[in-house]
Amino acid sequence: MQSINLDGEYICVDIFLRPDGTYGFDEFRRDPEDSSGWYSIGHFGDQVFAHADAALTKAKTSVHWLSGQM
């Protein structure tokens, strides 16, 4: 649904919609030397939120760099 990138676009936080209609977020990292893609570094994906705004609010308090990006 929404991806917020840190400078350089190697770290991001994604807000996502699950098939059951709930929302979540996680922090991901992409290693420029490794072509295998993005992988979770935050491990917040198991948290469940009723609304995207609630997931974003929690992400801002959980991921230290995120509040400075918005």
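Our subject is the structure that appears above.
Report on the accompanying structure.

Here four strands make up an open sheet; going across it, the order is E1-E2-E3-E4 and the pairing antiparallel. Each having just a single partner strand, strand E1 (2–5) and strand E4 (38–40) make up the two edges of the open sheet. Neighbour to neighbour, the strand axes of the sheet diverge by 30° on average, direction disregarded. For strand E3 (residues 23–30) and E4, the ladder comprises three bridges, and the chain directions are antiparallel. Note on E4: the bridge partner recorded for Arg-30 is Trp-38. Packed on one face of the sheet, helix H1 (residues 52–62) meets E1, strand E2 (11–17) and E3 and runs near 45° to E3.

Calculation criteria
- Residues numbered from 1 in each chain as written.
- Predicted model: local features only at pLDDT ≥ 70, side-chain atom pairs only at ≥ 80, totals over all residues.
- Heavy atoms only, no water.
- Pairing = 2+ DSSP bridges.
- Helix = DSSP H or I, 4+ residues; strand = E, 2+ residues; numbered from the N terminus.
- Axes fitted to C-alpha atoms, helices over the stretch in contact; angles between N-to-C directions.
- Contact = heavy atoms within 4.5 Å.

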